[in-house]
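One letter stands for each residue in the lines below.
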Amino acid sequence: MLEDKINKIKSELDVINIKTYEDLELFKLNYLTKKSELSLLFNFIKEVSPELRKEIGFKINNLKNIAESIFETNKLLFEVNQTFSLNDSTLPSNGFNNGSKHPLSIIQNQIIEIFQKLGFSLSDGPEIEDDWHNFSALNFPENHPARDMQDTFFISEEHALRTHTSSVQVRIMESEKPPLRYIMPGRVYRNEAVSARANCFFHQVEGIYIDKNVSFADLKLVLFEFTKQMFNKDVKLRFRPSYFPFTEPSAEMDITCFICSGSGCNICKHSGWVEIMGCGMIDPSVLENNNIDSNKYSGYAFGMGIERIAMLKYQINDLRLFFDNDLRMLKQFS
Ligand code: DAH
């Protein structure tokens, strides 16, 4: 009787076919749990005659070992399959989400690309600057009120976070001989309260061209070409006289508002013009400060804020949006 039960289970195990995880669970329930038919066989051993007991015990134990190994082998197979199906490099990909460039990077790259096509090389300089490169060499006399044009983060008596990329002009003039034609993008810092229109750091692109016989007309031509390519429109330029210690004459450059084409809107504060950058002819004393003969060479310089151009191009009205890293804003540039 017991022998029949053993043989029945044995023949079941011989043909068992586990295909799914549910089959595996069912197998465990039927053959390996305490109340399974197989486990219950052990209860009958005591009823077997002593001379057969050893042999029967051996057979039941053997059955149990077979069932356990079937279970373990199939469980392992499922685990291996699952791992491989997750990492199957031959499967087509589901695609993945690309990040997007920051709007300031997009604009900075466009500016660089335009000027490179116009023959300018790329350069940069340190963000921690000494007084000479940020101020003195650029004709900001010590204790002169012009230094207050830019609220400065001082690091020590001699060093500060650069307040403008004009400092890189000096680094280029002291390390190379004219002709020099460079643009220099980078981050600058000012000790200003953060608001929709000001931040304690922002980005600029500086440009210089120093050679024999460089004139204001050359400056106008290059800036006109830049503006046309940057804004893709037939914009007009306007140069307003201004003051910067390192240029003489100095100017601020406006373009006709490309939103309203000059008829007046919020962006241009109903004036029809928007300011884009500062520029001018490099003051001869700045050339001399850097051992460039101002009788032989002349040059122009210009500097623009990248945020300002990005705000105009994308009609962003709050500077802080560039620095919040809010994905709702950034995803719009993918
Ligand atoms: N450095 C000036 C600023 O940060 C901008 C500037 C004006 C740069 C005139 C120039 C320039 O090169 O010629 O406000």
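The preceding data block contains the structure.
All chains use their own residue numbering, which begins from 1 and follows the written sequence. This being a predicted model, a pLDDT of at least 70 is required before a residue's local features are given, and a value of 80 or more before pairs of side-chain atoms are given or counted; all residues contribute to the totals for chains, interfaces and linings. Excluded from the side-chain calculations are hydrogens and water; all other atoms, namely the structure's heavy atoms, are used.

*Asks:* Help me out: how do you make sense of the pattern of salt bridges in this one?
*Replies:* Pairing is possible between side chains that carry opposite charge, provided their charged atoms lie close to one another. One speaks of a salt bridge when a side-chain nitrogen belonging to Lys or Arg is within 4 Å of a carboxyl oxygen belonging to Asp or Glu. Enumeration according to the criterion identifies 14 salt bridges in this entry. One salt bridge in this structure joins Glu-252 and Arg-240, with 3.6 Å as the shortest N-O distance. Residue Glu-252 is found in strand E7 (residues 247-256), and its partner Arg-240 is found in strand E6 (residues 237-244); the two are separated by twelve residues along the sequence. For every residue, the accessible area (1.4 Å probe, protein chains only) is compared with the maximum for its type, and the residue is labelled buried under 20%, exposed over 50%, or partly exposed between those bounds. Looking at Arg-240, the relative accessible area reads 28%, which means it is partly exposed. Across the pair Arg-320 and Asp-318 runs a salt bridge, and its minimum N-O distance is 2.9 Å. Each helix is a run of H or I in the DSSP string that is no shorter than four residues. Each strand is a run of E no shorter than two, and both are numbered from the N terminus.

*Asks:* Before we go on, may I ask you to explain the site of the ligand in this structure?
*Replies:* By convention in this text, a residue qualifies as near a molecule or strand provided that one of its non-hydrogen atoms is within 4 Å of it. With respect to spatial proximity, 16 residues lie near the ligand, and among them His-164, Ser-166, Arg-190, Gln-204 and Glu-206 are the closest. In this structure, an oxygen atom belonging to the ligand sits 2.6 Å away from a side-chain N or O atom of Glu-206. Secondary-structure elements contributing two or more residues to the shell around the ligand are helix H7 (166-175), strand E5 (201-211), strand E8 (273-282) and strand E9 (298-305). For this scheme, ten residues count as nonpolar: Ala, Val, Leu, Ile, Met, Phe, Trp, Tyr, Cys and Pro. Four count as charged, namely Asp, Glu, Lys and Arg, and the remainder, Gly too, count as polar. For the shell around the ligand, the class distribution of residues is five nonpolar, nine polar and two charged. The term polar contact refers here to a pair of N or O atoms within 3.5 Å; inside protein, the definition further demands a hydrogen-donor-capable atom paired with an acceptor-capable atom, and it admits residues adjacent in sequence only when both atoms are side-chain atoms.

*Asks:* I keep staring at the sheet that holds E7 and nothing clicks. Help me out?
*Replies:* What links the strands of a sheet is backbone hydrogen bonding, and the strands pair in either a parallel or an antiparallel sense. Two strands are counted as paired when DSSP detects at least two bridges linking them. The seven strands lie next to each other as E1-E4-E5-E9-E8-E7-E6, forming an open sheet whose pairing is mixed. Edge positions in the sheet fall to strand E1 (121-122) and E6, since each of these pairs with one other strand and no more. Contact criterion: two residues are considered in contact whenever any of their non-hydrogen atoms come within 4.5 Å of each other. Interaxial angle, 0 to 180 degrees, is taken between N-to-C directions of lines fitted to C-alpha atoms, where a helix line uses only the stretch in contact. Together, E1, strand E4 (180-189), E5 and E9 form the strand contacts of helix H5 (residues 103-117), whose direction differs from that of E4 by roughly 165 degrees. Running at roughly 150 degrees to E8, helix H8 (residues 216-231) makes contact with E6, E7, E8 and E9 of the sheet.

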